[in-house]
Every structure is written in structure tokens, then in C-alpha cells.
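Given next are the chains, with one letter for each unit.
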Amino acid sequence: MTGYNDPGDGANPFFGLTCGHEVVLNVVLALTRMEGSAQEYLLNCVGEARYQATGLPILDASYLGDLLALRGAFIDHEELFWRLLSIIKETMAPEEIRALDAVAADPNNPTAVSGQIAALFQAGEHDLAMQVARQTFALASSDEVKKAVTAAVVTRARETDAAAFMVERTHDTKRWAGLWLSLGRREYGSEALNASYTGLFGKAMGGADSSTNERARELCLTGMVDANEDRLIEVFNQESSPRIRGQALLTMTFRTDYASSQDHLDLLEKGIDNSDVDVMKGVSVAYTLTAKAPQDSVLRENGIGVLEKIRDSSESERAREYASRWLDELND
């Protein structure tokens with residue numbers, strides 16, 4: 001470990017020949033295959049492997065994520081990994097240690113996990129908090145823990161990191177629309193989601209499109225509640241996905257300062273007629289736009305007309321049901 005990680009005075013023949021990080025992890029894995037005095041002796045050697053310049057352990061906080069992941073994979077070696085984590089703690093601040101202990105001690109308690117990850121962010125230990133969040137999410141035994149970890153990231157992490165975290169875990173986070181909205185309502189949340197959307201759209205245009213990419217783009221738009229109308233119309237015009245085109249209009253109408261527009265209603269109606277807008281998204285847009293139009297206005301009347309057309313002629317039974325329900329509400 002020392003040979004492959006510490007250059008010392010430059011005379012070390014091992015340094016630079018391979019990845020020192022990988023060597024350390026191979027040593028840790030080897031420990032799981034040993035028992036008794038052999039394991040004890042080599043475990044002490046791991047703790048004594050130090051950088052010459054600082055005297056700090058080579059097994060430092062940069063290995064935290066790896067150890068948390070390995071700890072979950074080798075559940076029969078709980079004591080070994082607690083001792084390895086104790087070596088790492090020598091390089092950590094007291095508040096980091098307290099938060100890490102709480103997460104590691106009870107990784108399946110959603111409240112404890114969320115609170116301690118949030119505490120790391122609050123203490124300014126952003127990189128460590130993200131590392132713990134990623135590993136805790138990966139090892140979580142329930143959706144409740146995954147959602148709790150994600151909530152801590154959404155509310156405490158830098159907006160760009162939170163958006164990336166959500167996008168990378170689209171398979172899980174697609175169920176938590178409220179968290180996407182919470183991120184979008186943060187000071188720079190919509191900007192971060194817009195940047196993530198732009199990157200995903202670029203990959204799609206480059207031929208790397210997939211159903212996951214499409215869903216991730218849709219979710220980014222779900223949270224972009226502070227994006228301006230011009231940007232959302234731009235997305236509507238550049239996209240070919242009916243779901244995403246519908247989401248762009250839906251997010252626009254959800255803006256708190258949104259003022260209903262005949263131009264927007266025309267875009268929606270044409271999109272539904274040409275199957276360019278997903279009808280379930282479209283019926284929600286039609287309702288929201290109509291509900292926000294002035295009472296007794298021509299625009300409101302026209303919006304009701306669009307909902308009536310969906311109710312009477314849509315091929316989607318669900319869309320017809322929603323249109324009928326919302327027409328009853330608007331006509332009360």
C-alpha cells in the first residue's frame with residue numbers, strides 16, 4: 001500500500017506503476033478471505049500504512065464510498081469493516097464522524113439517514129455528504145430509505161449536484177414528482193434542471209436516445225417551474241416526443257405568474273389534433289389554462305371547447321374521463 005501510494009523521496013520503485021487506489025481496495029478484499037491472527041496482523045499493517053509527509057493513513061476518506069459499498073456486500077465481516085472505517089476516521093473532522101457513525105449504524109432508518117446526510121451538508125462537508133448519499137442510496141433496502149436520501153440531497157446539496165443525482169437515478173426518482181418540484185423551486189433549481197435537460201437533449205440528438213433519456217428529460221421539465229415561458233416554448237418546438245412537448249406546456253401553465261393565452265391554447269389544440277402532444281398531458285394543460293383564464297372570457301369558453309372535444313372524441317378513455325370531470329368542475 002505504501003509502495004504504490006507514497007512517492008516519498010522519489011526512490012520508490014513501485015510508485016506510478018499502477019493505480020494505488022486499486023491496490024488498497026485489493027488489500028481490503030484480501031482481508032475478507034483471511035481469519036484469525038493473519039487477518040489481525042495485516043489489518044494492523046493497513047492502519048500503519050502512512051504518508052511520509054503528513055503521517056496520515058493512506059486508507060483515508062477518499063475510500064469511504066468504497067468501504068460502505070463493500071460493507072454491504074460482505075455482511076458477514078461487519079467487525080472488519082467497522083475497524084477499517086475507524087482508520088478512515090483519523091482523517092475526518094468530529095462532525096463528519098458523528099454523521100457517518102449515525103448513517104453507518106442505522107442505514108435502514110429513513111429519518112436517521114436523511115437527518116445525518118443533511119447534517120453533513122449543513123456542516124459544509126459537501127463532497128463527503130454526496131459520497132455518503134450515493135452509497136447509502138445504492139445499499140438501501142427499501143424505497144423509503146432511497147426517498148429519504150434523495151430528499152436530503154434535493155434540499156441541501158448544490159442544485160447542479162442535486163439535479164445530476166436525480167437524473168442518474170431516473171428509474172427510482174420518476175416516482176417522486178414532488179422532489180423534482182422541490183428542487184425546481186430552489187433559488188437555482190430550475191437553472192440546474194434546465195442544464196441537465198440540455199445535456200440530455202444533446203445526447204438524444206447525438207443518437208444516444210433511449211426511454212430512460214426521454215423520461216429524464218420529462219422529469220427535468222416537471223421541475224422547471226421557474227423557467228421562463230420563452231424557454232418552455234422553445235423546448236416544445238424542438239422536441240419530437242409528445243410526452244415532453246405536453247410536459248413543456250404543462251410546466252408553463254403551472255407557473256405561479258402564468259397568464260392564460262389564446263396562442264398557447266392554439267398550440268395545445270393543434271398538438272393534440274396532430275398527436276404531437278400526449279393527450280393525458282394535454283387534458284391537464286387544457287384544464288389549467290382554462291381555469292386560469294378570466295371568468296366569462298372568450299379564452300375560457302375556447303378552453304372549455306377543447307376539453308369538450310377531448311371528452312367527446314379522444315381515443316383515450318382515461319383522457320375522456322378526466323376531461324368530463326374537469327368540465328363539471330369548471331361549469332359549477
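Only a predicted model underlies this, so the values are computations on that prediction, with no experimental measurement involved.

Novice: Requested: an account of the overall build of the protein, with residues and values cited.
Specialist: Each helix and strand counted, the protein has 20 helices and zero strands in total. In terms of its C-alpha atoms, the protein occupies a principal-axis envelope of roughly 85 × 40 × 35 Å. Looking at the protein as a whole, 47% of its 332 residues qualify as buried. When the accessible surface of the protein is totalled, it reaches about 16200 Å², and 48% of it is carbon and sulfur. Across the protein, the 32 positively charged side chains and the 51 negatively charged ones have centroids separated by 2 Å.

Novice: Please provide a residue-by-residue account of the packing of helix H18 (residues 279-292) against helix H20 (residues 317-331), values included.
Specialist: Running from amino to carboxyl end, H18 crosses H20 at an angle of 10°, the nearest separation of the two axes being 9 Å. As summarised for this structure, H18 and H20 are arranged roughly parallel, according to the angle between their axes. Contacts between H18 and H20 involve Val279, Met280, Val283, Ser284, Tyr287, Thr290 and Ala291 from the first element and Arg318, Ala319, Tyr322, Ala323, Trp326, Glu329 and Leu330 from the second.

Novice: Give a description of the packing of aromatic side chains that names residues and reports values.
Specialist: Applying the stated criterion to the full structure yields five aromatic pairs. Ring geometry for Tyr197 and Phe201: centres 6.0 Å apart, planes at 20°, overall stacked. Within this pair, Tyr197 and its partner Phe201 are both found in helix H13 (residues 189-208), separated by four residues, close to a single helical turn. Here Tyr197 falls in the buried class, since its relative accessible area comes to 0%. In this structure Phe201 comes out as buried when scored by relative accessible area, which is 13%. Every member of this aromatic cluster is reached through a ring pair, and the members are Tyr287, Tyr322 and Trp326. The lysine or arginine in question, Arg169, covers the ring of Phe165, its NZ or CZ lying 3.9 Å from the ring centre. Over the aromatic face of Tyr322 sits the side chain of Arg325, whose NZ or CZ is 4.7 Å from the ring centroid.

Novice: Would you mind going over the side chain of Arg217 in detail, with residue names and values included?
Specialist: Relative to the elements of secondary structure, Arg217 occurs in helix H14 (residues 211-223). Of the residues examined, Arg217 reaches a relative accessible area of 3% and is grouped as buried. A polar side-chain atom of Arg217 sits 3.0 Å from a polar atom in the side chain of Glu239.

Novice: So what about unusual backbone geometry? Which residues, and what values?
Specialist: Backbone geometry follows two general trends: most residues other than glycine have a negative phi, and most peptide bonds adopt the trans configuration. Here Ser275, not a glycine, exhibits a phi torsion of approximately 60°, which is positive. Along the chain, the position of Ser275 falls in the loop between helix H17 (262-273) and H18. Ser275 sits in the exposed class, given a relative accessible area of 55%.

Novice: Could you give me a rundown of the nonpolar core, with the residues and numbers involved?
Specialist: Generally speaking, a soluble globular protein has its nonpolar side chains buried in company with each other. In this structure, Leu59 and Leu84 are the most contacted members of the largest nonpolar core, which totals 91 residues. At seven residues, the largest contribution of residues to this core is made by H18. When residues no more than four places from it in sequence are discounted, the contact partners of Leu59 are Val24, Val46, Leu67, Leu84, Ile87 and Ile88.

Novice: Go over the packing of helix H9 (residues 143-156) against helix H10 (residues 159-168) with me, naming the residues and quoting the values.
Specialist: Between H9 and H10, the shortest axis-to-axis distance is 8 Å and the interhelical angle comes to 150°. When the axis of H9 is compared with that of H10, the two are roughly antiparallel. Of the residues in H10, those touching H9 at Val149, Thr150, Val153 and Val154 are Ala162, Phe165 and Met166. Across the contact of H9 with H10, the residue classes tally to six nonpolar, one polar and no charged.

Novice: Run through the side chain of Arg169, naming residues and quoting values.
Specialist: Here Arg169 shows up in the loop between H10 and helix H11 (170-173). Residue classification places Arg169 among the buried positions, given a relative accessible area of 15%. Here Phe165 takes part through its backbone oxygen, which lies 3.2 Å from a polar atom of the side chain of Arg169. Aside from chain neighbours lying at most four places away, what touches Arg169 is Arg134 and Phe137.

Calculation rules
- Residues numbered from 1 in each chain as written.
- Predicted model: local features only at pLDDT ≥ 70, side-chain atom pairs only at ≥ 80, totals over all residues.
- Heavy atoms only, no water.
- Helix = DSSP H or I, 4+ residues; strand = E, 2+ residues; numbered from the N terminus.
- Buried < 20%, exposed > 50% of the residue type's maximum accessible area, 1.4 Å probe, protein only.
- Areas by Shrake-Rupley, 256 points an atom, 1.4 Å probe, with all protein chains shown as cover.
- Lys, Arg positive; Asp, Glu negative; His and termini not counted.
- Charge placed at Lys NZ, Arg CZ, Asp CG, Glu CD.
- Axes fitted to C-alpha atoms, helices over the stretch in contact; angles between N-to-C directions.
- Parallel < 35°, antiparallel > 145°, perpendicular 65-115°, else oblique.
- Contact = heavy atoms within 4.5 Å.
- Phe/Tyr/Trp six-rings, centres within 6.5 Å; stacked < 30°, edge-to-face > 60°.
- Lys NZ or Arg CZ within 6 Å of the ring centre and 35° of its normal.
- Polar contact = N/O pair within 3.5 Å; in protein donor to acceptor, adjacent residues only side chain to side chain.
- Core = buried A, V, L, I, M, F, W, Y, C linked by side-chain atoms within 4.5 Å.
- Nonpolar A, V, L, I, M, F, W, Y, C, P; charged D, E, K, R; others polar.

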